[in-house]
Amino acid sequence: MKKLFFLYSLLIAALTVHAQANPPKETPKMEFVMQLNVTLDQAYTIGNTPHGKRMIIPITGGTFEGPLVKGTIINGGADYQLANQEGNRTELEAIYSIKTDDGVYIHVRNRGIIYSGKDEYGKPSFYFKAAPQFEAPNDSKYAWLNNAIYVCEPAPGESGSITLNVWKVK
């Protein structure tokens, strides 16, 4: 086991040196997958905990649609948020399920960061991105959702909701 860890460490070190000397020539491509329009209930807070200020935003429903998938968001999930003491950085983890128009249930776990502060150049910035993971049945036509990395960002939504655009990293 120690030998395997040592070899893995050497490989990572070699790749790091190689990556610094040879930056990638091409940026990964993105492909639009879906837009989720998520309806939300009133947020509530647990208050300040040893980990930060904990807030929960219940997910009550909504719809989603993309080129290969369409359906509804199931009532009963939630967006669990943890804000730092300064209040400028929040970690989020939304856990919920969606149901396609042809009756297939898919589990979603969406983790992300909301940050309001200064960018690397010292200018004011706002950042809100997340990485949803989909868990679809292996024997369904949506199994392709299981085998990729996705990113999402919010778009303007109606009051009491959030709109999320989701892309697949190719």
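Residues numbered from 1 in each chain as written. Predicted model: local features only at pLDDT ≥ 70, side-chain atom pairs only at ≥ 80, totals over all residues. Heavy atoms only, no water.

A. Inspection of the pattern of salt bridges at higher detail. Per the stated rule, a full pass over the model turns up 7 salt bridges. Its salt-bridge partner being Lys 29, residue Glu 26 comes within 3.2 Å of it at the nearest N-O pair. Overall, the relative accessible area of 58% leaves Glu 26 in the exposed class. Judged by relative accessible area, Lys 29 falls into the partly exposed class, the value being 46%. Between Lys 170 and Glu 31 there is a salt bridge, and its shortest N-O distance comes to 2.9 Å. (Salt bridge = Lys/Arg side-chain N within 4 Å of Asp/Glu carboxyl O. Buried < 20%, exposed > 50% of the residue type's maximum accessible area, 1.4 Å probe, protein only.)

B. Region of interest: the packing of aromatic side chains. As enumerated under the stated definition, the model contains 2 aromatic pairs in all. The interplanar angle of 75° and the centroid separation of 6.4 Å between the aromatic rings of Phe 32 and Trp 167 together place this pair among those described as edge-to-face. Of this pair, Phe 32 sits in strand E1 (residues 30–40) while Trp 167 sits in strand E10 (residues 161–169), placing them 135 residues apart in sequence. Judged by centre distance (5.0 Å) and plane angle (90°), the rings of Phe 134 and Tyr 150 are edge-to-face. Residue Phe 134 is located in strand E8 (residues 124–135), and its partner Tyr 150 is located in strand E9 (residues 149–155); the two are separated by 16 residues in the primary sequence. The same class applies to Phe 134 as to Tyr 150, namely buried. In this structure, Lys 129 is placed above the aromatic ring of Tyr 127, and the distance from its NZ or CZ to the ring centre is 5.1 Å. (Phe/Tyr/Trp six-rings, centres within 6.5 Å; stacked < 30°, edge-to-face > 60°. Helix = DSSP H or I, 4+ residues; strand = E, 2+ residues; numbered from the N terminus. Lys NZ or Arg CZ within 6 Å of the ring centre and 35° of its normal.)

C. Examining the layout of surface pockets more closely. Of the voids in this model, the largest pocket is the one considered here, and its volume is about 200 Å³. Around the largest pocket, the lining comprises 16 residues; the ones closest to its centre are Asp 79, Ala 94, Phe 128, Ile 162 and Leu 164. Mapped by element, the contributors of at least two residues to the lining of the largest pocket are E1, strand E3 (52–65), strand E5 (77–83), strand E6 (89–100), strand E7 (105–118), E8 and E10. In terms of residue class, the lining of the largest pocket is built from 13 nonpolar, 2 polar and 1 charged. (1 Å grid on protein atoms, 1.4 Å probe; cavity = no way out; pocket = protein on both sides within 12 Å on 5 of 7 lines; lining within 4 Å. Points joined across faces, edges and corners; volume = space filled by probe spheres on them. Nonpolar A, V, L, I, M, F, W, Y, C, P; charged D, E, K, R; others polar.)

D. Quick look at the environment of Asn 37. Its location among the elements puts Asn 37 in strand E1. Given a relative accessible area of 29%, Asn 37 falls into the partly exposed group. Between the alpha carbons of Asn 37 and Ile 162 there is a distance of 5.9 Å; along the sequence they are 125 residues apart. In this structure Asn 37 touches Gly 61, Gly 62, Thr 63, Ile 73, Ile 162 and Thr 163, once residues within four positions along its chain are discounted. A distance of 2.8 Å separates the side chain of Asn 37 from the side chain of Thr 163, its partner in a polar contact. (Contact = heavy atoms within 4.5 Å. Polar contact = N/O pair within 3.5 Å; in protein donor to acceptor, adjacent residues only side chain to side chain.)

E. The arrangement of the pairing of E7 in detail. As defined by bridge partners, E6 adjoins E7 across 11 bridges and the pair is classed as antiparallel. Within the sheet, the bridge partner assigned to Ile 95 lies in E7 and is Arg 109. With antiparallel pairing between neighbouring strands as the criterion, E6 and E7 make up a hairpin whose turn holds 4 residues, including Gly 103 at a positive phi of roughly 90°. Relative to E8, E7 runs antiparallel, the two sharing 12 bridges. For Gly 112, the partnering residue across the bridge sits in E8 and is Ala 130. (Pairing = 2+ DSSP bridges.)

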